[in-house]
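# Remarks on the overall topology
Chain by chain, the residues run as shown.
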Amino acid sequence: MRRRLPAVALALGITLALLAATPALAAGYRYWSFWDGSAGGGWSYATQGPSMARPADGSVQGFRFSVSKDAAAQAAQPRAAADFEAVCGATAPTEGSKRVALVIDFGVPQDAPTGETPPDAAPRTACAQVASGATTAEALASVAKPLRYNSAALLCAISGYPKQGCGDQVADGAAQSAAPTSAPSAASDSGGGPSAGLLAGIAAVAVLAAAGIWQSRRRTR
C-alpha cells in the first residue's frame, strides 16, 4: 500500500494539471447576441430569444455579431447607445402598431468568419413600425432581410451576414470582443506560450510527485 502512494500522488497531480489547463481550452462562440435597451442608453442581455420577445412601443432592441462567451457578463454589447429618440424620434406613432428601435452591430473584422467582412463598420440603426403584437424577430425582418435561422431557431445571419456558420465554437486563442471598442493586443494573444493554468498544473504534478517519493523513502527507512 505504501509503495502505491507515489503513483497515486502522480495520478492526482496529472488530474489537477488537466483541470488547471481546462480554462486555456475554453471556447467562445461566433454568434449574434441579443440585447434589451435600458434606461440611460445602456444594454442588458436579453432573457428571451427574438422570436419570443414582444417589445412594447418605444423599446430598443440590439444585436451584436462577435466572438465572445455566451454569458451576459462576457458577451460583446452593441457599440451604439440604446437611444429610442435618435432612431425612431421622426417616426410618428399610428393606431394598431408600435415602433421598435433596432441597433444592428455587425462587429469588427477580427470577429468575422474566414473570407468575410462586416457589411458595415459602424452599427446600423432602423425604426421598425410593426403590428402591436409583433415579436422582435418580426420587427427585425421588416428592416434587415434576409435573416437566416438554424433548425433550433437560433438566429444565424442578419442582412445575409455571415453567409455561413451559426454559433460556431471558436478556440480561446481566437479574437474575442469582450471589450468591443478595441482590437485584441499582441500581449493578450494566448498563442505565444503555455497558459498559466497549464503551468500551475505542471507545478502541482511536480510537488505531489516529490511529496509521494519523499514519503515512500521515509517509510522504508
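Please read all numbers here as calculations on a predicted model, not as lab measurements. (Residues numbered from 1 in each chain as written. Predicted model: local features only at pLDDT ≥ 70, side-chain atom pairs only at ≥ 80, totals over all residues. Heavy atoms only, no water.)

## Considerations on the confidence of the model for the chain
Overall, the prediction assigns the chain a mean pLDDT of 78, with 64% of residues at 70 or greater. Confidence over residues 8-12 falls short of pLDDT 50; this stretch has 5 contacts with residues more than four positions distant or in other chains. pLDDT under 50 marks residues 14-26. Its contacts with residues more than four places away, or in other chains, come to 18 contacts. (pLDDT = per-residue confidence, 0-100. Contact = heavy atoms within 4.5 Å.)

## Comments concerning the packing of aromatic side chains
Note on aromatic pairs: each is described by the distance of the centres and the angle between the planes. What the rule picks out here adds up to 6 aromatic pairs. When the centroid spacing of 5.2 Å and the interplanar angle of 70 degrees are considered together, the rings of F65 and Y161 count as edge-to-face. In this pair, F65 is assigned in strand β3 (residues 59-68) and Y161 in the loop between β7 (155-157) and β8 (168-171), connecting sequence segments 96 residues apart. Overall, the relative accessible area of 2% leaves F65 in the buried class. Of the residues examined, Y161 reaches a relative accessible area of 4% and is grouped as buried. Three or more aromatic residues joined by ring pairs make a cluster, and in this case those are W32, F65, F106 and Y161. (Phe/Tyr/Trp six-rings, centres within 6.5 Å; stacked < 30°, edge-to-face > 60°. Helix = DSSP H or I, 4+ residues; strand = E, 2+ residues; numbered from the N terminus. Buried < 20%, exposed > 50% of the residue type's maximum accessible area, 1.4 Å probe, protein only.)

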